[in-house]
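A structural walkthrough
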Amino acid sequence: MIISIASGKGGTGKTSVAVNMALSIENVQFLDCDVEEPNAYLFLNPKTNETRPVTVSVPFVNEKMCDHCGKCADFCQYNALFAGAEKILVFPELCHSCGGCLLICPKKAMIEGKHKIGTLLRGSAGDLELVYGELEVGEPMAVPVIREVKRHIKSGKNVILDSPPGTSCPVIQTVCGSDFCVLVTEPTPFGLHDLKIIVQVLENMKIPLGVIVNRAGIGDRKIYEYCKEKTIPILLEIPYQRRIAELYSRGIPFSLEMPEWKTRFQTLFNSVAELVGK
Amino acid sequence: MKQLTVLSGKGGTGKTTITASFAALARMVVADCDVDAPDLHMLLHPQIIETKEFKGSKLAVIDETKCTGCGLCREKCRFDAITENIRVDPYACEGCGVCTIVCPLNAIALTERISGHTYISKTKYGFMSHALLSPSESNSGKLVTLVRQNAKMLAEKEHIDLTVIDGPPGIGCPVIASVTGVDAGLVVAEPTMSGIHDLKRALQLLAHFDVLPFVCVNMYDINKDNTEKIESFCRENSVETVGNIPFSPEVSEAMVAGKTIIEYSPRSAVTKEIEVIWQKISALMSKKQSLK
């Protein structure tokens, strides 16, 4: 079963939920897909078993064969190529690696090479397997790194995907293929506004979902009204408690110090499994 | 015109609360560049003056009357965006156009898709440039660039010499589009392990694009040891720290009331600290200007 943890709004507690759930159940593979700001490893303290670069294919111009016709630059939808009178300039950070310039070049002057955009790390913490990616600072495209992380999904495992915040491409790349998506929100106007957007995204993608209300007690009750109206199940409420916030600030998954929460996360996992029918 | 971007790396540290407060404190154009999940309008209540469609990305469309199902497009597509029965998967398609050139029957074309809207608005404090990306759409970096262009145009037209940009979380494409070419970046940090980790990456990003960094710690009293760690890290790296905002339930109360904290609780400790932060930043930014 593949469960992704997403939110729309940032800082609502995705990683906290994902980590605590992962530590409360068995046979887990944890994939941190927030490659811009990966945090799960800070809570899991894994032993790193493998580190390797994530590269994407980018074009290089064989100057001997290029006649600067500019067809490659005309074709490129991402402005990654610029045709000057004397030289074709390549901007690797804008390239989406579609390979179109190689196909369109009449002189076969384009060659593909590798450009490093991030790092993939694999580690283990007890029985838990952790896979995560780290986007290089200054590189704009998180999606190929997420794709690489997801390539490690093992069937037969309870796979937990920790998603980045937001509602656009990196989130879509993370949640696609999930059996279920757990949305972590907070009961505030910002939390609700961003929840509505991500719910619409997931409905478009036909991914079943449920909500966890984190920091319950702050804000107002509108989240509950919205979920009721949309018949979205509220899977769990985590109250706003100073102790939980403090443990989080120190990088400690709160279910380790507050064992009653371990049972609650197990129940959460079981209710998700039931909703998915697995 | 000077530009300041409020960013954080980690989400939910208080970027929008702080940006909205700045808008209430000084004359500026505000730009909400968190186009995926924009929240600033809930505190500033903009009256929209102008709306424009945003055509961000393209989508391959197959003319089924011409398609023979040969599968060449599927073979050449690197995004796995052509399904087994030769249909375009709109979520996977990145609009590159490779399928249009490999199709032997010219049965595929790229079409523009409306990926969102940009807005120019007026708030009770001044002008605002914002946008909304349609759910599941991509190319938020390009939309951020448009929001910034609109802000710049507004500032020039209205003779306002400052734009404050509310940035998205992370360090990827929309964040890069929010920080390139600005005068300064305020990183809103949170005194947690994750917050410290993400702050460092946000500062690296500002250094990479040669943007003057400032740091403030929000909810600093949640973990004072971590706040000290952030302060000493900034000292060691010659990054200016501009203030520590205390935790207060009034911040979410103000949010529920749809008001900036400045308006909701003008004498609160949070308001006072944000005022100090704003004074420091504006002084530092004008100093930087005179050095140029």
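Read on for a plain summary of the structure. (Residues numbered from 1 in each chain as written. Chains lettered and ligands numbered in written order. Predicted model: local features only at pLDDT ≥ 70, side-chain atom pairs only at ≥ 80, totals over all residues. Heavy atoms only, no water.)

1. Here we look at a nonpolar patch on the surface
Residues and elements named next belong to chain A. Put simply, the rule is: Exposure above 30% relative accessible area and no salt bridge define the residues that can form patches, which grow by joining like charges within 9 Å and nonpolar side chains of Val, Leu, Ile, Met, Phe, Trp and Tyr within 5 Å. Using a 1.4 Å probe, the Shrake-Rupley method yields the accessible areas, and only the shown protein chains count as cover for residues. We define a salt bridge as a contact between a side-chain nitrogen of Lys or Arg and a carboxyl oxygen of Asp or Glu at a distance within 4 Å. Think of it this way: any DSSP run of H or I at least four residues long counts as a helix, any run of E at least two long counts as a strand, and we number them from the N terminus. In this scheme, a residue with accessible area under 20% of its type's maximum is buried, one over 50% is exposed, and one in between is partly exposed, where area comes from a 1.4 Å probe on protein chains only.
Side chains of Phe82, Leu89, Phe91 and Leu94 sit close together on the surface and give an oily, nonpolar patch of about 340 Å² of accessible area. When you line up the elements, Leu94 lands in the loop between strand S5 (88-90) and helix H4 (100-104). Overall, the relative accessible area of 36% leaves Leu94 in the partly exposed class.

2. Brief notes about the packing of helix H7 (residues 193-208) of chain B against helix H8 (residues 224-236) of chain B
Residue and element names in this part refer to chain B. The line we're drawing: For every element, the axis is a line fit to its C-alpha atoms; helices are fit only across the contacting stretch, and the angle between N-to-C directions ranges from 0 to 180 degrees. Working rule for angles: under 35 degrees goes down as roughly parallel, over 145 as roughly antiparallel, 65 to 115 as roughly perpendicular, anything else as oblique. Handedness of a crossing is defined here by the sense of rotation of the near helix relative to the far one, left-handed for an anticlockwise turn of less than a right angle and right-handed for a clockwise turn. Only heavy atoms matter for contacts: two residues are in contact if any of them lie within 4.5 Å across the pair. Under this grouping Gly is polar, as are all residues other than the nonpolar Ala, Val, Leu, Ile, Met, Phe, Trp, Tyr, Cys and Pro and the charged Asp, Glu, Lys and Arg.
Viewed as axis vectors pointing N to C, H7 and H8 meet at an angle of 15 degrees, and their least axial separation amounts to 10 Å. By the angle between their axes, H7 is roughly parallel relative to H8. Helix-helix and strand crossings are classified by hand; for H7 and H8 the assignment is right-handed. Residues Met193, Ile196, Leu199, Lys200 and Leu203 of H7 form the contact with H8, whose participating residues are Asn226, Lys229, Ile230 and Phe233. Looking at the contact of H7 with H8, its residues break down into six nonpolar, one polar and two charged.

3. Quick notes on the sheet that holds strand S3 (residues 47-62) of chain B
Residue and element names in this part refer to chain B. Definition in use: Strands pair, by our definition, only if DSSP identifies at least two bridges between them.
Across the sheet, nine strands lie side by side as S3-S4-S5-S2-S6-S1-S7-S8-S9; this open sheet has mixed pairing. Every interior strand has two partners, whereas the edge strands, S3 and strand S9 (240-245), have only one. Strand-to-strand twist across the sheet, computed as the mean angle between neighbouring axes with direction ignored, equals 20 degrees. With five bridges joining them, strand S1 (residues 2-7) and strand S6 (residues 162-166) adopt parallel strand pairing.

4. Quick word on the packing of aromatic side chains
Let me state the cut-off plainly: Two rings from Phe, Tyr or Trp (for Trp, the six-membered ring) form a pair when their centres sit within 6.5 Å of each other. Planes less than 30 degrees apart are called stacked, planes more than 60 degrees apart edge-to-face, and all others tilted.
Taken as a whole and assessed by the stated rule, the structure comprises seven aromatic pairs over all chains. Judged by centre distance (5.9 Å) and plane angle (55 degrees), the ring pair of Phe254 of chain A and Phe265 of chain A falls under tilted. With a gap of 11 residues between them, Phe254 of chain A in helix H10 (residues 254-257) and Phe265 of chain A in helix H11 (residues 260-276) connect regions that are remote in the sequence. Given a relative accessible area of 0%, Phe265 of chain A falls into the buried group. Pairing Phe22 of chain B with Trp278 of chain B gives two aromatic rings, centres 4.7 Å apart and planes at 45 degrees, and the pair type is tilted. Taken as a pair, Phe22 of chain B in helix H1 (residues 15-25) and Trp278 of chain B in helix H11 (residues 269-291) lie far apart in primary sequence, 256 residues in all. Here Phe22 of chain B and Trp278 of chain B have matching classes, each one buried.

5. Re helix H9 (residues 250-257) of chain B
As a reminder of what qualifies: Each C-beta atom gives one direction from the helix axis, and the arc is the one those directions make.
Buried within H9 of chain B we find Ser252, Ala254 and Met255 of chain B. Burial along H9 of chain B is one-sided: seen end-on, the buried residues are contained in an arc of 155 degrees. Its buried side turned inward, H9 of chain B meets helix H7 (189-204) of chain A together with helix H2 (41-44) and helix H10 (261-264) of chain B.

6. Topic: the interface of chain B and chain A
Filter applied, for reference: A quick way to say it: buried area is the sum, across both parts, of accessible area lost when two parts are put together, with a 1.4 Å probe. N or O atoms closer than or at 3.5 Å make up a polar contact, with two conditions inside protein: a donor-capable atom paired with an acceptor-capable one, and, for residues adjacent in sequence, both atoms drawn from side chains.
Taken together, the contact between chain B and chain A spans 59 residues of the former and 59 residues of the latter. Summed over both partners, the interface of chain B with chain A buries about 4800 Å², with 59% contributed by carbon and sulfur atoms. Between Glu94 of chain B and Arg147 of chain A there is a salt bridge, and its shortest N-O distance comes to 3.3 Å. At the junction of chain B and chain A, the tally comes to 30 residue pairs in polar contact (both at pLDDT 80 or more). Only H2, helix H4 (98-102), strand S5 (127-133), helix H6 (173-179), H7 and H9 of chain B provide two or more residues apiece to the side of chain B that touches chain A. Among the elements that line the side of chain B that touches chain A, the one with the most residues is H7 of chain B, at nine residues. When the residues that make up the side of chain B that touches chain A are grouped by side-chain class, the tally is 27 nonpolar, 21 polar and 11 charged.

7. Digging into the environment of Ile2 of chain A
Residues and elements named next belong to chain A. Looking at the secondary structure, you find Ile2 in strand S1 (residues 2-6). Along the chain, Ile2 and Gln200 lie 198 residues apart, while their C-alpha atoms are 20 Å from each other. Residues contacting Ile2, with those up to four places away along its chain left out, are Ile153, Val159, Leu161, Gly177, Ser178, Asp179 and Phe180.

8. Regarding the sheet that holds strand S10 (residues 209-216) of chain A
Residues and elements named next belong to chain A. Here nine strands make up an open sheet; going across it, the order is S3-S6-S7-S2-S8-S1-S9-S10-S11 and the pairing mixed. The open sheet has two edge strands, strand S3 (47-61) and strand S11 (234-239), and neither has a second partner. Strand-to-strand twist across the sheet, computed as the mean angle between neighbouring axes with direction ignored, equals 20 degrees. Of the pairings in the sheet, the one linking strand S9 (residues 180-185) to S10 comprises five bridges and is parallel in character. If you follow Leu183 over to S10, its bridge partner there is Val211.

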